[in-house]
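# Survey of secondary and tertiary structure
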Amino acid sequence: MLYALMLYALKTGGCLAAFYLVFKLFLSRETFHRLNRVVVLSVLVLSFVMPFCGVKIYREVQLEENALKTLPALPVEALQPLESSFPWQEVLGALFLLGVLGVVVRLVCSTLTLWRVVRQAQPCAERQGLKIVRSNHPQAPFSWFCYVVVGEDDLDENGDAILAHEEAHVLLGHSWDLLLFDVLGAMQWFNPALWLLRRELKAIHEYEADRAVLEGGFNARAYQLLLIKKAAGERWYSVANSFNHSKLKNRITMMIQKQSSRWAAAKVLLLLPLVGVAMGAFAETVYVVSEDKDTMKNEISQPTAASQLKVRVVDTTGAPIMGVVVMKQGTGEGICTDKQ
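Not measured: the values here are computed from a predicted model.

### Re the overall build of the protein
- In terms of helices and strands, the protein carries 10 helices and 11 strands.
- Counting all 340 residues of the protein, 43% fall into the buried class.
- Within the protein, contacts between residues separated by at least 24 positions form 72% of all contacts whose residues are at least 6 apart in sequence.
- For the protein, the computed accessible surface area is about 19300 Å², with 60% contributed by carbon and sulfur atoms.

Put into structure tokens, the structure is as follows:
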């Protein structure tokens, strides 16, 4: 079971890596941040769904007239491969599960720490469902779901700009995006593409929040100077949206960059060939054995005739054995023809 789950995670990881490369090369520098956010979240969910969407390919296998008479009969149990002396599948599955549990424990601990900080902070104000709390510790401002934690000095000196930035994070639901990534990403703890894609998502969050601040009437130069000033602040928890997010140069560049044209959004269509390739990679071949060519068309929907049998043999890992197996109907025995 654990080994099969690990194989599924590897397939998902391959999809994530391919999608990340396309996004990084063609979409990450564009200024349509909302579309990029939708794309990142979509490719995350799609990567976990694609391994279940493989098509079935039916292939007809022709048997010679006397094939059933010349080939020796073998019990069905004999078609299973011999077990290895070392349980490497169980070991790999256990290591994979250990990594998943490690990520889950880290996520729970980080969430509990954030909750403790929020509960210990002093409530300051509440507006539009936004709960502002004042922290006595010298830390960078951050938002977490409906909470905004701001230090006393930041609130007194630059409270308007900081609150506008963090309010954008809350109203746009950025914490839910990170939660989705962390929950699904637990199965991809070994995959660098997952963490790189998550970093791209956090950058998009900052671009969206920065745009909301500038559209709110704040002076662009003064706001950029504030970001530079806060860039050396303490880095906060990865499950929260921090005001002094890294990639400061990219954030300032994105503010002054010319808006991308509508035609640039068509680059999203480059993801469609990857979807087709993934469906082909996860395709499953089913061998159909028939002695009568004229009745072959009815086999798939009604495999009841004695001369028409559809057989798929798998080993102990769930992987198909490459070969054609013909079952003797009513005997529980089968014969294995040459490999295809």
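Moving on from the model shown.
### Side note on the pairing of strand β3 (residues 122-127)
- Relative to strand β4 (residues 130-135), β3 runs antiparallel, the two being bridged by five bridges. From the neighbouring strand, Q122 faces β4, where its bridge partner is R134.
- Between β3 and β4, which follow one another and run antiparallel, lie two residues, and Q128 among them has a positive phi close to 50°.

### Focus: a nonpolar patch on the surface
- On the surface, a cluster of nonpolar side chains totalling about 570 Å² of accessible area is made up of F86, W88, V91, L92, L95 and L98.
- Looking at the element boundaries, L98 is found in helix α4 (residues 88-120).

### Describing the packing of aromatic side chains
- Tallied over the full model, the rule gives eight aromatic pairs.
- On the numbers, 6.1 Å between centres and 80° between planes, the contact of W115 with Y147 is edge-to-face. Within this pair, whereas W115 is found in helix α4, its partner Y147 is found in strand β6 (residues 147-151), the two being separated by 32 residues in sequence.
- Judged by relative accessible area, which is 14%, Y147 ranks as buried.
- Both rings, one in W189 and one in F190, keep their centres 5.7 Å apart while their planes meet at 90°; by these two values the pair is edge-to-face.

### Some thoughts on unusual backbone geometry
- Here F145, not a glycine, exhibits a phi torsion of approximately 55°, which is positive.
- Following the sequence through the fold, F145 ends up in the loop between β5 (142-144) and β6.

### Comments concerning helix α2 (residues 33-49)
- The terminal C-alpha atoms of α2 lie 24 Å apart, and with 17 residues this matches the ideal 24 Å at 1.5 Å per residue to within 8%.
- Buried residues of α2: H33, N36, R37, V39, V40, L41, V43, L44, S47 and F48, and no others.
- Next to the buried residues of α2 lie α1 (2-26), α6 (174-185), α7 (192-215), α9 (248-256) and α10 (271-281).

### A closer look at the pattern of salt bridges
- Applying the stated rule across the entire model yields nine salt bridges.
- Note that E30 is salt-bridged to K267, the shortest N-O span being 2.9 Å. Here E30, found in the loop between α1 and α2, pairs with K267, found in the loop between α9 and α10; they are 237 residues apart in sequence, far enough to count as distant.
- A relative accessible area of 30% places K267 in the partly exposed class.
- D156 is paired through a salt bridge with R134; the nearest N and O atoms lie 3.8 Å apart. Of the two residues, D156 sits in helix α5 (residues 152-171) while R134 sits in strand β4, which places them 22 residues apart along the sequence.

### Some points on the confidence of the model for the protein
- Here the protein averages 78 in pLDDT, while 73% of its residues score no lower than 70.
- When mean pLDDT is taken per element in the protein, α2 scores highest with 95 and strand β9 (residues 308-311) scores lowest with 45.
- pLDDT under 50 marks residues 293-311. Its contacts with residues more than four places away, or in other chains, come to 35 contacts.
- For the stretch residues 321-340, pLDDT sits under 50, and the model shows 63 contacts to residues farther than four places along the chain or on other chains.

### Quick notes on the side chain of S175
- In this structure, S175 sits in helix α6.
- For S175, the side chain forms a polar contact with the main-chain nitrogen of F145, separated by 2.8 Å.

### Topic: the pairing of β6
- The element β6 is largely enclosed, with a buried count of five among its five residues.
- With burial as the criterion, each face of β6 is covered, one bearing Y147, V149 and G151 and the other bearing V148 and V150.
- Where β5 folds back onto β6 in an antiparallel hairpin, the turn is made up of two residues, including F145, whose phi is positive at roughly 55°.

### Notes on the nonpolar core
- Residues V40, F181 and L197 are the most contacted members of the largest nonpolar core, which totals 36 residues.
- Sorting the residues of this core by element identifies α1, α2, α4, α6, α7 and α10 as the ones contributing at least two each.
- A per-element tally of this core places α1 first, with 10 residues.
- Discounting residues that sit within four places of it in the chain, F181 has contacts with V40, L41, L44, L194, L197, R198 and L201.
- If you look at the next biggest cluster of nonpolar residues, it comprises 17 residues, including L155, A161, I162 and V213.

### Describing the side chain of Q188
- Position of Q188 among the secondary structure elements: in the loop between α6 and α7.
- There is a polar contact of 3.0 Å between the side chain of Q188 and the side chain of N191.

### Some words on α5
- Taking 1.5 Å of rise per residue, 20 residues should cover 28 Å, yet α5 covers just 23 Å from first to last C-alpha, more than 12% shy of that figure.
- Within α5, the axis deviates most sharply at N158, by approximately 105°.
- G173, located one to two residues past α5, shows a positive phi value of around 70°.

The rules behind these values
Residues numbered from 1 in each chain as written. Predicted model: local features only at pLDDT ≥ 70, side-chain atom pairs only at ≥ 80, totals over all residues. Heavy atoms only, no water. Helix = DSSP H or I, 4+ residues; strand = E, 2+ residues; numbered from the N terminus. Buried < 20%, exposed > 50% of the residue type's maximum accessible area, 1.4 Å probe, protein only. Contact = heavy atoms within 4.5 Å. Areas by Shrake-Rupley, 256 points an atom, 1.4 Å probe, with all protein chains shown as cover. Pairing = 2+ DSSP bridges. Patch = residues over 30% accessible without salt bridge, like charges linked within 9 Å, V, L, I, M, F, W, Y side chains within 5 Å. Salt bridge = Lys/Arg side-chain N within 4 Å of Asp/Glu carboxyl O. Phe/Tyr/Trp six-rings, centres within 6.5 Å; stacked < 30°, edge-to-face > 60°. Expected span 1.5 Å × (residues − 1). pLDDT = per-residue confidence, 0-100. Polar contact = N/O pair within 3.5 Å; in protein donor to acceptor, adjacent residues only side chain to side chain. Core = buried A, V, L, I, M, F, W, Y, C linked by side-chain atoms within 4.5 Å. Bend = angle between axes of the 7 residues up to and from the residue.

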